[in-house]
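# Architecture at a glance
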Amino acid sequence: MSVAPRSAEDVKELFESLRDRVNDFEARLDAFSSWLENTDDRVSELEDENDELRARLDALESRMDVLEDDSSSKDGKVRQIVAGAENNRTGDQSAVVMNAAKIVTVTGVSRRYAYDLIDDLPEQYHWILTRSEARERQFGSIEIDDGKQTKAIVIDFEALHSDPEAVNKFTTSSEGGGR
């Protein structure tokens, strides 16, 4: 228990002391409120970043599922070749050359089967070209020399993306998500 003030001066000192404490408390409360608001903002930002990362991870998992689920079929091999070409694509490059070594790398097939794919795929898909066909279309920034000794195919992304059935079959996941 505190002793009651004895004089007006004592009351004045007590009042100023209480006012200083209240002001200090208000300042601390303002600082805490500001910290809490900044923390809430940062938590919201982190939640948004987490949602974005989770969506990207889900999209990647979907792409991997598509590649793994159907990788043994010929369509699965074509899907893997298209994905490999997409990964080798720089900027808005309209076409990408895929030689046998690259096809082996992205599909896991034998070198002999990669050469069979190089021979067969241009006849089956209008957007997979031989070096000669690609050179005639003059894709510009990519080197397409039909005189080269290495066999290769050229994935024409403009033609691929103009074919809705091919886009759905070879570039999007089975769950309807985009690339």
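This next bit is on the confidence of the model for the chain. Counting all residues, the mean pLDDT for the chain is 81, and 79% of those residues have values of 70 or more. In the predicted structure, residues 173-179 sits below a pLDDT of 50 and forms ten contacts with residues beyond four places in sequence or in another chain.

A separate point is the packing of aromatic side chains. Under the criterion given, the structure shown has two aromatic pairs. Plain terms: the ring middles of Tyr125 and Trp127 are 5.2 Å apart, the flat faces sit at 40° to each other, and that makes the pair tilted. In this structure, Tyr125 and Trp127 share a single accessibility class: buried. The ring centre of Phe157 lies 4.2 Å from the NZ or CZ of Arg89, which sits over that ring.

This brings us to the nonpolar core. Nonpolar side chains in soluble globular proteins tend to end up buried together. Formed by 21 residues in total, the largest nonpolar core has its most connected members in Ile103, Trp127, Ile153 and Ile155. Looking at this core, the elements with two or more residues in it are α2 (74-88), β1 (95-99), α3 (100-107), α4 (111-124), β3 (152-156) and α6 (157-161). Setting aside chain neighbours within four positions, we find Ile153 in contact with Ile81, Val96, Val97, Met98, Ile103, Ile118, Leu121, Pro122, Ile128 and Leu129. Residues Val97, Leu129, Ala152 and Val154 belong to the second largest nonpolar core, which totals six residues.

With that out of the way, let us pick up the side chain of Thr107. Note that Thr107 resides in helix α3. For Thr107, a relative accessible area of 10% puts it in the buried group. Of the polar contacts made by the side chain of Thr107, one reaches the backbone oxygen of Ile103; its length is 2.6 Å. Looking at Thr107, its side chain comes within polar contact range of the main-chain nitrogen of Val109, at 3.2 Å.

Before going further, it helps to examine the pattern of salt bridges. With the rule as written, the count across this model stands at seven salt bridges. Shared partners join several salt bridges into a network, and the residues in it are Arg42, Glu45 and Glu49.

Before going further, it helps to spend a moment on the pairing of β1. Of all the five residues making up β1, four are buried; the element is thus mostly covered by neighbouring parts of the structure. One ladder, built from five bridges, connects β1 with β3; its direction is antiparallel. Bridge assignment links Met98 to a residue of β3, and that residue is Ile153.

Put simply, α2 and α3 touch, their axes get as near as 9 Å, and they point 110° apart. Here α2 is positioned roughly perpendicular relative to α3, judged by the angle of their axes. Viewed along their axes, α2 and α3 form a crossing whose handedness is right-handed. Every residue of α3 that contacts α2 at Lys77, Gln80, Ile81, Gly84 and Asn88 is listed here: Lys102, Ile103, Val106 and Thr107. Taken together, the residues of the contact of α2 with α3 break down into three nonpolar, four polar and two charged.

Following both chains from N to C, one finds α2 and α4 inclined at 90°, their axes separated by 12 Å at the closest point. On the basis of the axis angle, α2 is roughly perpendicular to α4. Residues Lys74, Lys77, Val78 and Ile81 of α2 form the contact with α4, whose participating residues are Tyr113, Leu117, Asp120, Leu121 and Gln124. When grouped by side-chain class, the residues that make up the contact of α2 with α4 number five nonpolar, one polar and three charged.

Before going further, it helps to examine the sheet that holds β3. The strand order across the open sheet built from three strands is β1-β3-β2, with neighbouring strands paired in antiparallel fashion. Every other strand in the sheet has two partners, leaving β1 and β2 (128-130) as the edge strands with one partner each. Sheet twist, expressed as the average angle between the axes of neighbouring strands with direction ignored, equals 35°. Its contacts with the sheet place α2 against β1, β2 and β3, and it is angled at close to 120° to β1.

About the thresholds
- Residues numbered from 1 in each chain as written.
- Predicted model: local features only at pLDDT ≥ 70, side-chain atom pairs only at ≥ 80, totals over all residues.
- Heavy atoms only, no water.
- pLDDT = per-residue confidence, 0-100.
- Contact = heavy atoms within 4.5 Å.
- Phe/Tyr/Trp six-rings, centres within 6.5 Å; stacked < 30°, edge-to-face > 60°.
- Buried < 20%, exposed > 50% of the residue type's maximum accessible area, 1.4 Å probe, protein only.
- Lys NZ or Arg CZ within 6 Å of the ring centre and 35° of its normal.
- Core = buried A, V, L, I, M, F, W, Y, C linked by side-chain atoms within 4.5 Å.
- Helix = DSSP H or I, 4+ residues; strand = E, 2+ residues; numbered from the N terminus.
- Polar contact = N/O pair within 3.5 Å; in protein donor to acceptor, adjacent residues only side chain to side chain.
- Salt bridge = Lys/Arg side-chain N within 4 Å of Asp/Glu carboxyl O.
- Pairing = 2+ DSSP bridges.
- Axes fitted to C-alpha atoms, helices over the stretch in contact; angles between N-to-C directions.
- Parallel < 35°, antiparallel > 145°, perpendicular 65-115°, else oblique.
- Left-handed = near helix turned anticlockwise from the far one by under 90°.
- Nonpolar A, V, L, I, M, F, W, Y, C, P; charged D, E, K, R; others polar.

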